[in-house]
Amino acid sequence: MYINTTGLVLRETEYKESSRILTVLTGTEGKLTVSARGAKRKGSKTASATQFLSYSQMTLYRGRDNHWTLTEAAGIELFEGLREELERLSLGAYFAEVMENVSDEDAPNPEILALGLNSLYALSENLRPAEVIKAGFELKMMALAGFEPMLEGCSVCGEMMPEKCRLDLVGGLIYCHKCGGADELTAALSSGALAAMRYILNAEPKRIFSFSLGELAMGELSRAAERYLQIQMDREFKTLEYYKKIKI
Ligand SMILES: [Zn+2]
């Protein structure tokens, strides 16, 4: 069976001399493992369309053993800007690792793909500061994966506009400074950082990065979004460690 679809290459492994094994996030089939024979051959049209973090039109063939083979590929968006700078490329690699982690085979989630594409585009085109894109991606991705934090108000007293509060990174709830103290599984949020989180979760997909914060509140948002994702996913991301190491 042949299908035509679009897919984002989340992982690319060299296979033999001229081929690649790809992990592709498609809008129609979810996450797939695809063999791309001859994809690395010089002059091959599929070479750029099958490289890491390329978004491409793909023709795929599913054999009887359910193994997918790529028969044709043409790049739609190659995110060239990411390939010009190691810092942006490594943040893109973290986005790819997160997407791979939240996506399943045979369970298409077009919203996860769309968020990934918007985030990579914003990063590639330098549309917003990297920390804004990163926090927006992390929080919204958690919501799309079924781990949306409940930020309406303090989970104990109901206060909706606490001046200071903490996000419970395990339970995904907030509590105000009168209702609870700090511990290591919580993250501090000022009213500005809380407002930004609410904004990200409720904004139209294309608007989630359209917010600004002062330095302190941005630091709180960055820490909270990053740790929330790690704790909800119950794992660490090698690509994130690498990004943090090389970040200026
Ligand atoms: Zn309270």
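What counts and what doesn't
- Residues numbered from 1 in each chain as written.
- Predicted model: local features only at pLDDT ≥ 70, side-chain atom pairs only at ≥ 80, totals over all residues.
- Helix = DSSP H or I, 4+ residues; strand = E, 2+ residues; numbered from the N terminus.
- Buried ≥ 20, exposed ≤ 12 C-beta atoms within 10 Å, placed from the backbone.
- Contact = placed C-beta atoms within 7 Å.
- Pairing = 2+ DSSP bridges.
- Axes fitted to C-alpha atoms, helices over the stretch in contact; angles between N-to-C directions.
- Domains from an automatic or database assignment.
- Nonpolar A, V, L, I, M, F, W, Y, C, P; charged D, E, K, R; others polar.

**Some thoughts on the overall build of the protein**
Alright, step 1. Counting its regular elements, the protein contains seven helices and eight strands.
Alright, step 2. Taking the principal axes of its C-alpha atoms as reference, the protein extends roughly 65 × 40 × 30 Å.
Alright, step 3. Looking at the protein residue by residue over its 248 residues, the buried ones come to 39%.
Alright, step 4. Pairs at least 24 residues apart make up 56% of the contacts formed inside the protein by residues separated by at least 6 positions.

**Describing the environment of Ser 54**
Alright, step 1. Positionally, Ser 54 belongs in the loop between helix H1 (46-49) and strand S4 (55-62).
Alright, step 2. Classification of Ser 54 as buried rests on a count of 23 C-beta atoms within 10 Å.
Alright, step 3. Separated by 20 residues in the primary sequence, Ser 54 and Ala 74 place their C-alpha atoms 9.7 Å from one another.

**Points about the sheet that holds strand S2 (residues 19-26)**
Alright, step 1. Strand order in this closed barrel of five strands is S1-S2-S3-S5-S4, and the pairing throughout is mixed. Each neighbouring strand pair of the sheet contributes to a mean axis angle of 50 degrees, computed without reference to strand direction.
Alright, step 2. As paired elements, strand S3 (residues 30-36) and strand S5 (residues 68-77) share two bridges and run parallel to each other. Within S5, the residue paired with Ser 35 across the bridge is Thr 69.
Alright, step 3. Lying on the sheet, helix H2 (residues 86-102) is in contact with strand S1 (2-15), S2 and S3; it crosses S1 at an angle near 120 degrees.

**Some thoughts on the domain arrangement of the protein**
Alright, step 1. In terms of domains, the protein is made up of domain 1 (2-78) and domain 2 (81-246).
Alright, step 2. Just the C-alpha atoms count here: the centres of domain 1 and domain 2 sit 29 Å apart.
Alright, step 3. Contact residues are listed per partner, giving 15 residues for domain 1 and 18 residues for domain 2.
Alright, step 4. Within the residue set of the side of domain 1 that touches domain 2, elements represented by two or more residues are S1, S2 and S3.
Alright, step 5. For the side of domain 1 that touches domain 2, the per-class residue count stands at six nonpolar, five polar and four charged.

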